[in-house]
Amino acid sequence: MKISALYLLFMLSVGLACAAQPPNILFFLSDDHSTPFLNCYGQKEMKTPNLDKLAAEGIKFTKMFTAAPQCVPSRAAIMTGRSPVACRITRFSSPLPRDEITFPEILRKDANYFVGVLGRSYHLDGSGRAPEISKRVFEESHMLSFKDRFHYVEVNSQMQTPSKIEGFFDQRPEDKPYFLWVNYSDPHHPWTTGENPPVPENVTVPGYLPDLPGIRKDLSMHEGEIENVDKQFKIALDIVKKRAGLENTIVVFMGDNGLALPGGKGALHDPGLNVPFIVWYPGVVKPGGTSETLLSGEDFAPTCLQLAGLPVPERISGVSFLPLLQGRSFPSEREYIFGERGPHGSAPFKAGIKASAIDYSRCVRSRRYKLIYNNTPDHVYQPVDSAGNPGWCAMVKAFEEKTLDEKFVKRFFTAPRPVYELYDLDEDPDEFNNLYGKIALESVTRELKEAMQRKMIEDFDYLALPIAPPAKGLLAKKVREQRTRSFAKLDLNKDGKLDQGEFTGKRNPAEALLWFNARDADHNNCVSKAEFLRNDMHKPVGVK
């Protein structure tokens, strides 16, 4: 009882201190950076001593997921605490709508913070390479809003970042708490800044990528850029320490989305969304901690508001994880995280466009299972930003020479892609074995679809919902009876399943194959009666 009382007294004093003097918030964001690409996350060939030290003195989170596998929508969610769909910024070149309020604006207005952003483009004032008509609309409609939202706004090269940090503190009144968002270009493609990267032979190739020389070369260059981020982080932190001290300051390091390699950036698989997230806050965060709690990029905003002693607006869908930082119980822990994918870049639609440019998909992930819902499955997969790199070129060559492992062929080179993908992440963390349609997982599938349906409705999502209205009455009964009779007629050997020959019957073979693959939800090369009768499937691409 005595220890508990002392602990409660300590936490009360911390809370009172935070209420009296809101903490400074220093937020570092790297670009295209998945877990585990830091030494402290287990990538042992990497040299990242400064971020490792931050983790050793703070807490690192292993299951932080951005709200999108692309920088623009991901950053929108981080700044607003709302999904990219809800804040209307799923088109890559969109500016953040003026009526979507960022949490630094609330810090500025309600807690007297001095707020700034600098470094690589923060991406929320529209595309910097927009055509003249877009720029004209942005200006005429007053859509370029960040110079009004923040006190200090700079977009600069990575080499200029130290001087821009100095400029921020030159302007900041010393009696005000501050929020400073520092954006790094690294490790965004192209990879050119690593001075002494790990040699390709020594890199650890993650299981979701084939172990090919080209992949190893890409990983080496990617890791070299992250090592450069580590050095730049130390330079920035030293400037802040010199100019303002680090007392009553929370330091956060995060990746904006996954790495630009196959299965990462642009994909709703874990490597596209799961990013490093480290929080340092002496006197509040216990040193050396690791948390596997599910977090979303939406959760950063409400946490920062509560740190400043402010209420969280009702429109924010993120969940504050401040109790985790304070070492308290966390009854509001998430059951699910959600991700969305939309267009990437500003290229207009055209026939044969690749999924790297335009892909409409959504995902929901629990601690164990993930459901991906692909609305453009006919768009052939291609990695975002790295299709010309040695890694992807090596994969294409291996595929063409039929030497690529079948699991990579199915993941990256099979078209059309499935409308639904379901993965057991405990058994299959690299997401190769699509379990959608498995009878034993019907309840899991339903649970995840219902969670996705709720999120899409609440966010006013524009995509078709995953759960359609049920067929009713005599029509539904008639359709089921007709399919049951058809199955019995096709099942020539009466083994309760249809092979491809039985399924084809007198149909056009090419079209029958498309329907067979669509019905074969568990990809075991046969169609069970349950798969034949199911009505929650989409017409296969290519069938008129």
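## Overview of the overall build of the chain
Looking only at helices and strands, the chain has 18 helices and 15 strands in total. Restricting to contacts in the chain with at least 6 residues of sequence separation, those with at least 24 account for 72%. Accessible surface, the chain as shown: approximately 24,400 Å² in total, 55% of it carbon and sulfur. Within the chain, the 69 negative side-chain charges are centred at a point lying 4 Å from the centre of the 69 positive side-chain charges.

## Regarding the confidence of the model for the chain
For the chain, per-residue confidence averages 92 on the pLDDT scale, and 94% of positions sit at 70 or higher. Here residues 1-19 scores under 50 on pLDDT; set against residues more than four positions off or in separate chains, the count is nine contacts.

## Considerations on a nonpolar patch on the surface
On the surface, Ile133, Val137 and Met143 cluster together into a nonpolar patch covering about 230 Å² of accessible area. In this fold, Met143 is placed in the loop between α5 (132-140) and α6 (146-149). Residue classification places Met143 among the partly exposed positions, given a relative accessible area of 33%.

## So, the nonpolar core
Formed by 53 residues in total, the largest nonpolar core has its most connected members in Phe28, Ile165 and Leu180. Here the element with the most residues in this core is helix α8 (residues 213-244); it accounts for nine residues. If sequence neighbours within four positions are ignored, Phe28 has contacts with Val182, Tyr184, Phe233, Ala236, Leu237, Val251, Val252, Phe253 and Met254. Judged by nonpolar contacts, the second largest core, of 52 residues, contains Leu29, Met64, Ile78 and Met79.

## Some details on the pairing of strand β1 (residues 24-30)
Along β1, seven of the seven residues are buried, which leaves the element largely enclosed by surrounding structure. Neither face of β1 is left uncovered, since the one carrying Asn24, Leu26, Phe28 and Ser30 and the one carrying Ile25, Phe27 and Leu29 both have all their residues buried. Where β1 meets strand β6 (residues 249-255), seven bridges bridge the pair, whose relative direction is parallel. Directly across from Leu29, in β6, lies its bridge partner Met254. With five bridges joining them, β1 and strand β5 (residues 178-183) adopt parallel strand pairing. What sits directly across from Leu26, in β5, is Leu180.

## With respect to the packing of helix α4 (residues 103-111) against helix α10 (residues 300-307)
Taken N-terminus to C-terminus, the directions of α4 and α10 make an angle of 15 degrees; their axes are 9 Å apart at the nearest point. The angle between α4 and α10 places the two elements in the roughly parallel class. The way α4 lies across α10 gives a crossing that is right-handed. Mapping the contact onto sequence places Phe103, Ile106 and Leu107 in α4 and Phe300, Ala301, Cys304 and Leu305 in α10. Grouping the constituent residues of the contact of α4 with α10 by class yields seven nonpolar, no polar and no charged.

## A look at the sheet that holds strand β10 (residues 337-341)
Spatial ordering of the open sheet is given by β10-β11-β12-β13, a layout of four strands whose pairing is antiparallel. Edge positions in the sheet fall to β10 and β13 (420-424), since each of these pairs with one other strand and no more. Taken over all neighbouring pairs, the strand axes of this sheet differ in orientation by 10 degrees on average, direction set aside. Relative to strand β11 (residues 361-365), β10 is paired through five bridges, and the arrangement is antiparallel. When the bridges of β11 are listed, Phe338 appears paired with Val364. Against the sheet, helix α14 (residues 442-458) contacts β10, β11, β12 (369-374) and β13, and its axis sits at roughly 60 degrees relative to β12.

How each quantity is defined
- Residues numbered from 1 in each chain as written.
- Predicted model: local features only at pLDDT ≥ 70, side-chain atom pairs only at ≥ 80, totals over all residues.
- Heavy atoms only, no water.
- Helix = DSSP H or I, 4+ residues; strand = E, 2+ residues; numbered from the N terminus.
- Contact = heavy atoms within 4.5 Å.
- Areas by Shrake-Rupley, 256 points an atom, 1.4 Å probe, with all protein chains shown as cover.
- Lys, Arg positive; Asp, Glu negative; His and termini not counted.
- Charge placed at Lys NZ, Arg CZ, Asp CG, Glu CD.
- pLDDT = per-residue confidence, 0-100.
- Patch = residues over 30% accessible without salt bridge, like charges linked within 9 Å, V, L, I, M, F, W, Y side chains within 5 Å.
- Salt bridge = Lys/Arg side-chain N within 4 Å of Asp/Glu carboxyl O.
- Buried < 20%, exposed > 50% of the residue type's maximum accessible area, 1.4 Å probe, protein only.
- Core = buried A, V, L, I, M, F, W, Y, C linked by side-chain atoms within 4.5 Å.
- Pairing = 2+ DSSP bridges.
- Axes fitted to C-alpha atoms, helices over the stretch in contact; angles between N-to-C directions.
- Parallel < 35°, antiparallel > 145°, perpendicular 65-115°, else oblique.
- Left-handed = near helix turned anticlockwise from the far one by under 90°.
- Nonpolar A, V, L, I, M, F, W, Y, C, P; charged D, E, K, R; others polar.

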